[in-house]
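Take a look at the letters that make up each chain.
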Amino acid sequence: MNFEDCYEVGYIAKTYGVKGEIHAVFDVDNSEEYREIESIFVVKDRHMVPYFIEQVRFVQGYVRLKFEEIDDVDQARPLVGSKLMLPIDVLPDTNEEEYYFHDILGYMVVDANQGEIGKVTQLYDSTNQDLIGVTHQGKEVLIPYIKDQIIQKLDHEQKIIEVTLPDGLLDVYLEEE
């Protein structure tokens, strides 16, 4: 399994108790949809290592996981801070109106005033502001992902994102240093 075939579902926040359980934070809309997962990849030293799950519980904003063969806190402690990955094919289904962020990689961004800007090459999912990374004139341009203000329409059939960029946004990235 490659990183390209997976998505980051969350990370291991801390250990729990002495029997090797961990508390994970799932960065998803509804963590309960992951109640039946049987395994998960833990990113260690830039490699995805599969762990089989004995038990999943949902406690005070955390997903408490008990991995097979991790039976004490000393075995669980080195996993703290690690990213958790799942294969893309286990993502819950979406309706026609919904989509996952990774679905728009490669879409062409077209501005209402300036025409084609470039293709989406990177997505930045943060707590403050989600951003779309687009290559424009050889430079990465970050476009705030704000529906109905900047992002006007997504055409999944033609793989186009119609935007209305704020005045001067492209100039910030194209100015010579």
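Up top is the structure these notes are about.
What counts and what doesn't
Residues numbered from 1 in each chain as written. Predicted model: local features only at pLDDT ≥ 70, side-chain atom pairs only at ≥ 80, totals over all residues. Heavy atoms only, no water. Pairing = 2+ DSSP bridges. Helix = DSSP H or I, 4+ residues; strand = E, 2+ residues; numbered from the N terminus. Axes fitted to C-alpha atoms, helices over the stretch in contact; angles between N-to-C directions. Phe/Tyr/Trp six-rings, centres within 6.5 Å; stacked < 30°, edge-to-face > 60°. Buried < 20%, exposed > 50% of the residue type's maximum accessible area, 1.4 Å probe, protein only. Lys NZ or Arg CZ within 6 Å of the ring centre and 35° of its normal.

What follows concerns the sheet that holds strand β10 (residues 139-144). Whenever strands of a sheet pair, they do so through backbone hydrogen bonds, lying parallel or antiparallel. If you walk across this open sheet you meet the six strands as β10-β9-β8-β7-β12-β11, and the pairing is mixed. This sheet does not close on itself; its edge strands, each paired only once, are β10 and β11 (151-155). Put simply, the sheet's adjacent strands are angled 35 degrees from each other on average, direction ignored.

With that settled, consider the packing of aromatic side chains. Under the counting rule described, the total for this entry stands at two aromatic pairs. Judged by centre distance (5.8 Å) and plane angle (85 degrees), the ring pair of phenylalanine 26 and tyrosine 34 falls under edge-to-face. We classify tyrosine 34 as buried; its relative accessible area is 4%. For arginine 64, the ring lying beneath its charged end belongs to tyrosine 16, and the centroid distance is 3.5 Å.

Quick look at unusual backbone geometry now. Located in the positive-phi region is glutamine 137, a residue other than glycine, with phi close to 50 degrees. Mapped onto the elements of the fold, glutamine 137 is located in the loop between β9 (131-136) and β10. Despite not being glycine, lysine 159 has its phi angle at roughly 60 degrees, a positive value. Here lysine 159 is to be found in the loop between β11 and β12 (160-163).

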